[in-house]
Amino acid sequence: MDVEDVMNFVVEHRAPNVVPGYVSEQLLSLGWLIVPEDVARITEVARRWLKSDDPFRAAVAIGLEHETYLFESWHELAEEAARLKRDFPSTAADVDAWLKRSKDSYERRATGFFNTDLR
C-alpha cells in the first residue's frame, strides 16, 4: 500500500460527518511519521485532487496548503481557485479562505523575504 492508497482509503471510508479540513489535518500529521519521499507524494496526490471532479478531494487538497505549496506561484493558485469556484460553487467560501491565507506566504516565497521579527 502506498501513500496515495492510504489517502484514498481515508477519503472513501470517512465517517459521515467528517469535513475535508479534518482529513487534511490527518494527512498533514502523517508528514511527521513517514519518510520524506512519501510526504512529497501527499503533495503530488493533492495537486491531482485539485484537478479532479471530486469536490471533497479538492477541498482536502485545499486544506493541505497550510503546510505545503501546491503551486509554483500565486498566479497558478489563483487560476486554479477560479476554476474550483466555477466548477464547485459550494466550495467558494473555502476557496476564498484558501486564497486569503495563502497570498502572504506565496509573496514571501517569491521575494525570499521572511520576517523573522516575532514581536
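Each chain has its residues counted from 1, running along the sequence as written. Given that this is a predicted model, residues contribute local features only at a pLDDT of at least 70 and side-chain atom pairs are listed and counted only at 80 or more, while totals for whole chains, interfaces and linings are drawn from all residues. Side-chain numbers here rest on the full set of heavy atoms in the structure, without hydrogens or water.

1. A closer look at the packing of aromatic side chains
Alright, step 1. Centre distance within 6.5 Å is the pairing criterion for rings of Phe, Tyr and Trp, where only the six-membered ring of Trp is used; planes under 30 degrees apart are then read as stacked, over 60 as edge-to-face, and the remainder as tilted. This structure, assessed with the given rule, holds 2 aromatic pairs.
Alright, step 2. Centre to centre, the rings of Phe 71 and Trp 98 are 6.2 Å apart; their planes meet at 45°, and the pair counts as tilted. Linking Phe 71 in the loop between α4 (55–64) and α5 (74–87) with Trp 98 in helix α6 (residues 92–111), this pair joins segments that are 27 residues apart in sequence. Just as Phe 71 is buried, Trp 98 falls in that class too.
Alright, step 3. Plain terms: the ring middles of Trp 74 and Tyr 106 are 6.3 Å apart, the flat faces sit at 55° to each other, and that makes the pair tilted. Of this pair, Trp 74 sits in helix α5 while Tyr 106 sits in helix α6, placing them 32 residues apart in sequence.
Alright, step 4. Remark: a charge is flagged as sitting over a ring if the NZ atom of Lys or the CZ atom of Arg is within 6 Å of the ring centre and within 35 degrees of the ring normal. Taking the ring centre of Phe 56 as reference, the NZ or CZ of Arg 14 above it sits at 3.5 Å.
Alright, step 5. The ring of Trp 49 carries the charged tip of Arg 57 above its face, separated from the ring centre by 5.3 Å. Numbering of helices and strands runs from the N terminus; a helix is a DSSP stretch of H or I covering at least four residues, while a strand is a stretch of E covering at least two. Burial here depends on accessible area, computed with a 1.4 Å probe over protein chains only, as a share of the maximum for the residue type. Under 20% is buried, over 50% is exposed, and the range in between is partly exposed.

2. Structural notes on the environment of Gly 21
Alright, step 1. Note that Gly 21 resides in helix α2 (residues 20–30).
Alright, step 2. A residue is classified by how much of its surface remains accessible, and Gly 21, at 35% relative accessible area, is partly exposed.
Alright, step 3. Along the chain, Gly 21 and Ala 59 lie 38 residues apart, while their C-alpha atoms are 7.4 Å from each other.

3. A word on the packing of α2 against α4
When two helices pack together, you describe them by how their axes are tilted relative to each other and by the distance separating the axes.
Alright, step 1. Each axis is a line fitted through C-alpha atoms, taken for helices only over the stretch in contact, and angles between the N-to-C directions span 0 to 180 degrees. Two elements in contact, α2 and α4, have axes separated by 8 Å at closest approach and are oriented at 50°. With respect to α4, the axis of α2 lies oblique. Pair α2 / α4 crosses with right-handed handedness. Contacts from Pro 20, Val 23, Ser 24, Leu 27 and Leu 28 in α2 reach Phe 56, Ala 59, Val 60, Gly 63 and Leu 64 in α4. What sets the label is the angle itself: under 35 degrees gives roughly parallel, over 145 gives roughly antiparallel, 65 to 115 gives roughly perpendicular, and the rest give oblique. Handedness of a helix crossing follows the sense of rotation of the near helix relative to the far helix, less than a right angle counterclockwise being left-handed and clockwise being right-handed. For this analysis, residues touch if any pair of their heavy atoms sits within 4.5 Å.

4. Some thoughts on the confidence of the model for the chain
Alright, step 1. Residues with a pLDDT of 70 or more make up 92% of the chain, whose mean pLDDT is 87.
Alright, step 2. The predictor attaches a confidence to each residue, called pLDDT, with possible values from 0 through 100. The spread of mean pLDDT over the elements of the chain runs between α6, the lowest at 84, and helix α1 (residues 3–12), the highest at 95.

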